[in-house]
Amino acid sequence: MADSPANTSPSPMSEVWVNVCGGIEGGARSHDLVAEEIPVAMVYNGVSHAAMMASPCDLEDFALGFSMSEGILQRPDQLFSVEIKPGEDGIELDMHIAGDCFARLREQRRNMAGRTGCGLCGTESLAHVVRAITPVAPNVLPADEAVQAALKNLKKHQPLQLQTGATHGAAWCNAKGDIVQAREDVGRHNALDKLIGARLREFGIQAFSDGFVLISSRASFEMVQKSASVGVGTLVAVSAPTALAIREARKSGMNLVGFARPGRHVIYARSGDSAQERPL
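Residues numbered from 1 in each chain as written. Predicted model: local features only at pLDDT ≥ 70, side-chain atom pairs only at ≥ 80, totals over all residues. Heavy atoms only, no water.

Undergrad: Sorry, what's going on with the overall build of the protein chain here?
TA: Each helix and strand counted, the protein chain has seven helices and 13 strands in total. By residue count, 47% of the 280 residues in the protein chain fall in the buried class. Long-range pairs, those at least 24 residues apart, make up 54% of the contacts in the protein chain between residues at least 6 apart in sequence. (Helix = DSSP H or I, 4+ residues; strand = E, 2+ residues; numbered from the N terminus. Buried < 20%, exposed > 50% of the residue type's maximum accessible area, 1.4 Å probe, protein only. Contact = heavy atoms within 4.5 Å.)

Undergrad: Would you mind showing me how to read the environment of A182 here?
TA: Mapped onto the fold, A182 is located in strand β9 (residues 179–185). Taking the C-alpha atoms as reference, A182 lies 9.2 Å from L214; in sequence the two are 32 residues apart. Setting aside chain neighbours within four positions, we find A182 in contact with H157, A170, A171 and L195.

Undergrad: Help me understand the pattern of salt bridges in this model?
TA: Any two side chains of opposite charge can pair, given that their charged atoms come close. Considering all chains together, one arrives at ten salt bridges under this definition. Note that K85 is salt-bridged to D94, the shortest N-O span being 2.8 Å. Assessed through its relative accessible area of 32%, K85 is described here as partly exposed. Taking the relative accessible area as the measure of exposure, D94 reaches 18% and is therefore buried. The partner of K226 in a salt bridge is D193, and the shortest N-O contact between them spans 3.0 Å. With K226 in helix α6 (residues 221–229) and D193 in helix α5 (residues 188–203), this pair connects stretches of sequence that are 33 residues apart. Sharing partners across several salt bridges, the network here consists of D58, D61, R183 and R201. (Salt bridge = Lys/Arg side-chain N within 4 Å of Asp/Glu carboxyl O.)

Undergrad: Help me out: how do you make sense of the side chain of K194 in this one?
TA: Locating K194 in the fold gives a position in helix α5. The exposure class of K194 is buried, given its relative accessible area of 0%. Setting aside chain neighbours within four positions, we find K194 in contact with S55, C57, D58, D61, F62, R183, E184 and D185.

Undergrad: I tried to follow the sheet that holds β9 on my own but got confused; where do I start?
TA: Two orientations exist for strands paired in a sheet by backbone hydrogen bonds: parallel and antiparallel. Pairing within the open sheet is mixed, and its six strands lie in the order β9-β8-β10-β11-β12-β13. In this open sheet, the two strands that pair with only one neighbour each are β9 and β13 (264–269). The mean angle between the axes of side-by-side strands here comes to 20°, regardless of whether they run parallel or antiparallel. With respect to the sheet, helix α3 (residues 144–153) is in contact with β8 (168–174), β9, β10 (211–215), β11 (234–237), β12 (255–261) and β13, its orientation differing from that of β10 by roughly 40°. (Pairing = 2+ DSSP bridges. Axes fitted to C-alpha atoms, helices over the stretch in contact; angles between N-to-C directions.)

Structure follows, in structure tokens:
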């Protein structure tokens, strides 16, 4: 994939003046750092497909990750180029993709317009909401110590969250629980897509072997589907999974861990489980 040309994308943060009420600074006028949230349009071969509200950073990663996790591409090399086009109303990610992928996309006739992190708005039929999940290869459940180690260090890899308190994080962790790569966004789906894109751009088909993904949000079924679509064998969430997420994880053969908190986490699905063995 060709690199995008230089661009003037806005900063993912802005500084604003605020009035502080209560506490030792009560009544004081101060400044605060807040996260930016702008429309980002996914444009394929000149045709707009989706508009997501997102943080304006790591946009090349976002373009590839979204395209892969939504099934628009089957391989990273089917994305030939990305051009970032900032405008008054937001940013366009103008992508040139393989002809067969574009033909398939036109057939889907999906035109999403999402709120923050929403990946379903605009889907034309119920059949498109829960698409068939991708099976993943059998994967060893991470050791408890590895999950806890990753959880302990997640905040160190979330600079936007530390400064603004308004973003989600998604991190790739090795088998020992070391965080080796992370991405942030105001939307949890977007943060995961950015991580997926970053890993695939650097490591290709080996991007998600021998490790797990840790997310700072709940585990919705979309997070499970996106993870499975690129071969993630284990998804660990700081908050709860939904029942549908658990069923989808079991269908795919994925490990799903929720409520990952200091000293405790809950295993909801193990590699090799099936939806029939433990119905919800």
